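# Inside the fold
Next come the chains, spelled out residue by residue.
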Amino acid sequence: MVDVPSQARVVIVGGGIVGCSIAYHLAKRGVPDVVLLERRQLTCGTTWHAAGLVGQLRATQNLTRLAQYTTNLFSTLEAETGQATGFRARGSVSVATNTERFEELRRSASTARCFGLEVNVVNRDQIAAMFPLGQFDDVVGGVHLPNDGITNPIDTTQALAKGARAGGVRIIENVAVTRIVVENGRAVGVEFTADGATGVLRADAVVNAAGMWARELGDQVGVTVPLHAAEHFYIVTEGIDGISPDMPVLRDPDGCGYFKEEAGKLMVGWFEPVAKPWGMGGIPETFCFDSLPADYDHIAPLVDAAVHRMPILGETGIRLFFNGPESCTPDDRYLLGESPEVTGMYLACGFNSIGIQSSGGAGKVLADWIVDGHPPMDLWDVDARRSMPFQRNRRYLHDRTVESLGLLYAMHWPFFQPATARGVRRSVVHDRLATRGACFGEVAGWERANWFAPDGVDPVYEYSYARQNWLEHSAAEHHATRNAVALFDQSSFGKFVVEGTDACRVLNQVCANNVDVAAGRVVYTQWLNERGGIEADVTVTRESETRYLVVTAAATQTRDLAYLRRHVGPDDRTVVVDVTSGFATFGVMGPNSRALLQSLTQNDLGNDAFPFGTSREIDLGYARVRASRITYVGELGWEVYIPTEFAAGVFDAIVVAGDGHGLRLAGYHALNSLRMEKGYRHWGHDISPDENPVEAGLGFAVAWNKPGGFIGQAATSAAREHGVHQRLTQFRLPAIAPLLYHNEPIWRDGVLVGRITSGMFGHTTDAPLGMGYISAGAELATAEWIGVGNYEIEVAGERIAAEASLKPWYDPSSSRVRG
């Protein structure tokens with residue numbers, strides 16, 4: 001009879017490497033009464049058949065920090081627990097067969113240096129010396145990370161489990177969790193079956209680390225867990241004479257494959273461009289250390305590519321052709337953190353074939369999150385709150401999985417757009433934009449016009465790290481905004497109504513700026529955490545004494561809604577309603593915007609009657625709309641909020657009237673280049689929970705002494721009083737320099753001091769632009785310290801002289817905004 005307790009502090013569902021890592025780290029934090037429940041046996045889902053690659057370089061600094069932590073943990077885990085792990089730091093090499101891939105790898109090498117990783121750019125001869133069995137005549141270069149490693153997934157999981165048990169965690173196998181128990185919006189335990197009997201284990205927190213089963217557990221209680229299993233293939237050869245046990249892992253992304261020495265044999269695995277989703281009809285209850293049927297025909301073209309890279313494969317027998325499931329998410333990033341729908345329910349799933357290398361870091365930060373009530377660093381890239389409710393849709397997940405598995409080894413192009421599961425969310429004027437040449441990108445399921453192709457040009461991306469095919473067309477939209485007027489469809493904005501007699505008090509606690517203003521005023525503000533970090537970047541419009549409109553970015557709709565609702569107390573006479581779908585939003589921006597809009601309304605839009613920061617209901621065309629005089633492009637302009645059913649008519653009226661004012665439709669690439677010139681920040685890139693408003697140059701948006709204070713006031717005031725050691729700074733390169741995107745290292749007087757957080761070509765300034773935090777180390781990052789430095793930005797290994805400024809490159813006095 002399985003003995004399951006009735007009460008625990010934390011219950012973890014799932015005994016793969018991630019679940020065991022969370023248990024291990026909760027034990028390290030001294031959390032009592034932690035119970036891990038595994039439906040069958042530890043590792044029996046997908047952990048057991050993982051390749052065991054432990055790479056360190058990820059797409060962002062914090063995810064790389066987590067991968068580095070994993071490597072360091074695995075290097076000491078065997079000595080700590082006495083359980084063998086098989087970990088060895090063999091290193092890894094990624095190769096490129098064309099110049100574009102080599103540029104990607106060289107840019108990644110610069111990023112690795114920025115993140116503190118040892119990295120070497122290597123040539124063909126150096127690669128061939130590391131892999132005597134390989135064939136590299138077609139390779140133009142590669143990148144070597146000497147401290148990457150490999151490990152045995154089963155043994156490493158058992159070592160984590162042993163360490164967890166030593167810290168008091170109970171790990172119980174053969175207990176199937178059938179449902180997470182939710183009461184009053186909070187997870188309070190799990191229902192389970194064991195030995196044919198059912199029971200309930202109550203807990204203060206529940207962790208869904210159930211791998212392929214995680215989506216089903218989430219669905220039962222209304223929690224979005226967007227993942228889907230896909231078939232994942234690898235082979236293991238017979239023994240090969242002369243293969244070195246010290247052989248680094250070889251990644252051949254252009255061949256979609258990787259190669260790893262495995263006990264004198266060669267393991268070869270693939271991430272094929274067209275994957276096979278699995279488990280659409282549900283995962284069998286008996287699934288335990290199972291494999292899937294072989295499908296050689298599906299993988300045959302990639303086998304040919306592998307034989308080309310390692311000719312010995314054509315001469316060696318295959319001992320194992322393996323096909324097993326892996327969980328994939330729509331954006332190839334895992335799901336971590338507290339669910340926005342159910343308090344006290346934490347997710348740790350959807351690891352997209354990088355669960356082994358992510359497990360240590362993910363387990364640590366989730367344990368910290370549970371214990372401390374907040375994540376220890378910015379985890380937005382993997383935060384479960386980035387998911388949209390529609391992403392629970394199984395057809396959507398199935399169709400995106402066909403593509404998402406292969407994207408792990410595909411080119412990571414700037415501005416890349418997925419091809420599958422598109423058209424999910426469309427603004428009411430989508431078709432009108434399409435007929436006018438819009439090339440759409442996707443954010444949070446929204447189809448958004450990124451740029452417009454003129455007549456005779458196909459609205460499709462031609463990807464490159466250099467200037468892409470749309471740049472000149474986006475430049476025309478940019479210049480129209482600066483010199484005439486442009487119309488941006490910004491309907492994807494997240495929009496929340498906060499209403500009730502306590503609405504002002506609640507919002508004024510959440511907002512760093514003062515929103516207790518007269519009705520008809522717009523306030524730009526951040527939401528901070530207790531440590532002063534920036535949790536959100538929003539505008540708040542006071543519509544009446546008891547009603548506010550909060551506007552945020554499309555990508556953070558779920559996150560910001562959850563954050564706001566959790567700061568409304570049970571006794572607060574306030575409701576928060578998501579009205580995103582109820583209103584279209586058009587940005588009408590540029591020096592001719594007033595004249596254009598004035599021709600469609602009897603309301604006075606003059607500077608005296610309608611100054612910057614004003615929001616009013618006006619007549620526009622045949623509709624009644626809310627017009628807010630604010631901007632994200634640095635020009636005179638209005639954001640117009642229109643009930644959805646009126647939006648098409650208003651759009652048509654603006655377009656017809658715009659003929660006499662130089663109107664041009666504009667997309668999000670132009671919006672980005674315009675905001676970069678003006679130094680406007682973007683949450684998730686330039687600002688995050690890791691930075692405070694003083695560091696970010698947003699002190700002007702803080703009401704330092706407002707009555708009642710605000711969340712994070714003490715920490716932010718301390719930063720203001722004592723000074724900060726890093727500052728967000730703007731950079732400009734020569735006009736002909738390579739473009740900046742993100743994570744390019746920043747050098748000051750020959751010392752690495754930071755990284756670019758976002759970049760874009762500025763068409764008015766005629767230069768590649770970037771923003772990034774630079775650190776003064778033990779000194780204070782004063783304006784004087786920043787001003788006396790000589791700066792370079794490293795792009796693909798080359799350092800390029802750069803100008804630095806704390807002020808915007810364009811209209812630093814904002815005279816055009818207020819004109």
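Here the structure is shown first, and the text comes after it.
Now for a description of the structure that goes with this document. (Residues numbered from 1 in each chain as written. Predicted model: local features only at pLDDT ≥ 70, side-chain atom pairs only at ≥ 80, totals over all residues. Heavy atoms only, no water.)

## A word on the overall build of the chain
In terms of helices and strands, the chain carries 19 helices and 39 strands. Once the C-alpha set of the chain is aligned to its principal axes, its extents read approximately 80 × 65 × 55 Å. By the burial criterion, 62% of the 819 residues in the chain qualify as buried. A sequence separation of at least 24 residues applies to 72% of the contacts in the chain between residues at least 6 apart. Approximately 29,900 Å² of the chain is accessible, and the part contributed by carbon and sulfur atoms is 50%. The distance from the centre of the 72 positive side-chain charges to the centre of the 94 negative ones in the chain is 4 Å. (Helix = DSSP H or I, 4+ residues; strand = E, 2+ residues; numbered from the N terminus. Buried < 20%, exposed > 50% of the residue type's maximum accessible area, 1.4 Å probe, protein only. Contact = heavy atoms within 4.5 Å. Areas by Shrake-Rupley, 256 points an atom, 1.4 Å probe, with all protein chains shown as cover. Lys, Arg positive; Asp, Glu negative; His and termini not counted. Charge placed at Lys NZ, Arg CZ, Asp CG, Glu CD.)

## Focus on the packing of aromatic side chains
Enumeration over the complete set of coordinates arrives at 28 aromatic pairs. Note on Phe415 and Tyr741: the rings are 5.9 Å apart at their centroids and 80 degrees apart in plane angle, and the pair reads as edge-to-face. With Phe415 in the loop between α9 (394–407) and β20 (425–426) and Tyr741 in the loop between β34 (726–732) and β35 (745–748), this pair connects stretches of sequence that are 326 residues apart. Since its relative accessible area comes to 11%, Tyr741 is described here as buried. Through pairs of rings, three or more aromatic residues link up here, namely Trp413, Phe415, Phe416, Trp451, Tyr461, Tyr463, Tyr465, Trp470 and Tyr741. (Phe/Tyr/Trp six-rings, centres within 6.5 Å; stacked < 30°, edge-to-face > 60°.)

## A closer look at helix α2 (residues 61–81)
In this model, α2 (21 residues) spans 30 Å end to end at C-alpha, consistent with the 30 Å of a helix rising 1.5 Å per residue. The largest bend along α2 reaches roughly 35 degrees and is located at Ser75. Regarding α2, the residues found buried are Asn62, Leu63, Thr64, Leu66, Ala67, Gln68, Thr70, Thr71, Leu73, Phe74, Leu77 and Thr81. Packed against the buried residues of α2 are α1 (17–28), β3 (53–54), α5 (153–166) and α8 (355–372). Gly82 sits one or two positions beyond α2 and adopts a positive phi of about 80 degrees. (Expected span 1.5 Å × (residues − 1). Bend = angle between axes of the 7 residues up to and from the residue.)

## What about the packing of α1 against α2?
As a packed pair, α1 and α2 sit with axes 14 Å apart at the nearest point and diverge in direction by 75 degrees. Between α1 and α2, the angle is such that the two are roughly perpendicular. Note on element contacts: α2 touches α1 through Tyr69, Leu73, Phe74, Leu77 and Glu80, opposite Ile17, Tyr24, His25 and Lys28. (Axes fitted to C-alpha atoms, helices over the stretch in contact; angles between N-to-C directions. Parallel < 35°, antiparallel > 145°, perpendicular 65-115°, else oblique.)

## Side note on the sheet that holds strand β26 (residues 534–544)
Here 5 strands make up an open sheet; going across it, the order is β25-β26-β27-β24-β28 and the pairing antiparallel. Because the sheet does not close on itself, it has two edges, and the strands there are β25 (522–528) and β28 (575–578). The sheet shows a mean angle of 30 degrees between the axes of neighbouring strands, direction not considered. Two strands pair when backbone bridges link them, and β26 and strand β27 (residues 547–552) are joined in this way by 5 bridges, in the antiparallel orientation. Bridge assignment links Ser544 to a residue of β27, and that residue is Arg547. (Pairing = 2+ DSSP bridges.)

## Structural notes on the pattern of salt bridges
All told, the structure shown has 46 salt bridges when counted by the stated rule. Between Lys260 and Glu262 there is a salt bridge; the shortest N-O distance is 2.9 Å. A relative accessible area of 29% places Glu262 in the partly exposed class. A salt bridge links Arg799 to Glu792; the nearest nitrogen and oxygen atoms lie 3.9 Å apart. Connected through salt bridges with shared partners, the residues Arg29, Lys364, Asp368 and Asp372 form a single ionic network. (Salt bridge = Lys/Arg side-chain N within 4 Å of Asp/Glu carboxyl O.)

## Comments concerning unusual backbone geometry
Phi at Cys256 is positive, roughly 65 degrees, even though this residue is not glycine. Within the secondary structure, Cys256 is located in the loop between β13 (249–252) and β14 (257–262). Taking relative accessible area as the criterion, Cys256 reaches 12% and is therefore assigned buried.

## Here's the deal with the packing of α2 against α5
The geometry of a pair of packed helices is captured by two quantities: the angle between their axes and the separation between those axes. α5 packs onto α2 with a crossing angle of 60 degrees between their chain directions and a minimal axis gap of 10 Å. By the angle between their axes, α2 is oblique relative to α5. As α2 packs across α5, the resulting crossing turns out to be left-handed. Within the contact between the two elements, α2 uses Leu73, Phe74, Leu77 and Thr81 and α5 uses Thr156, Ala159, Leu160, Lys162 and Gly163. Grouping the amino acids of the contact of α2 with α5 by side-chain chemistry returns 5 nonpolar, 3 polar and 1 charged. (Left-handed = near helix turned anticlockwise from the far one by under 90°. Nonpolar A, V, L, I, M, F, W, Y, C, P; charged D, E, K, R; others polar.)

## Remarks on the environment of Glu792
With respect to the helices and strands, Glu792 occurs in strand β38 (residues 791–795). The spatial distance from the C-alpha of Glu792 to the C-alpha of Arg732 is 10.0 Å, given a sequence separation of 60 residues. In this view, Glu792 contacts Pro745, Ile746, Trp747, Arg799, Ile800, Ala801 and Ala802; residues no more than four positions away in its chain are not counted.

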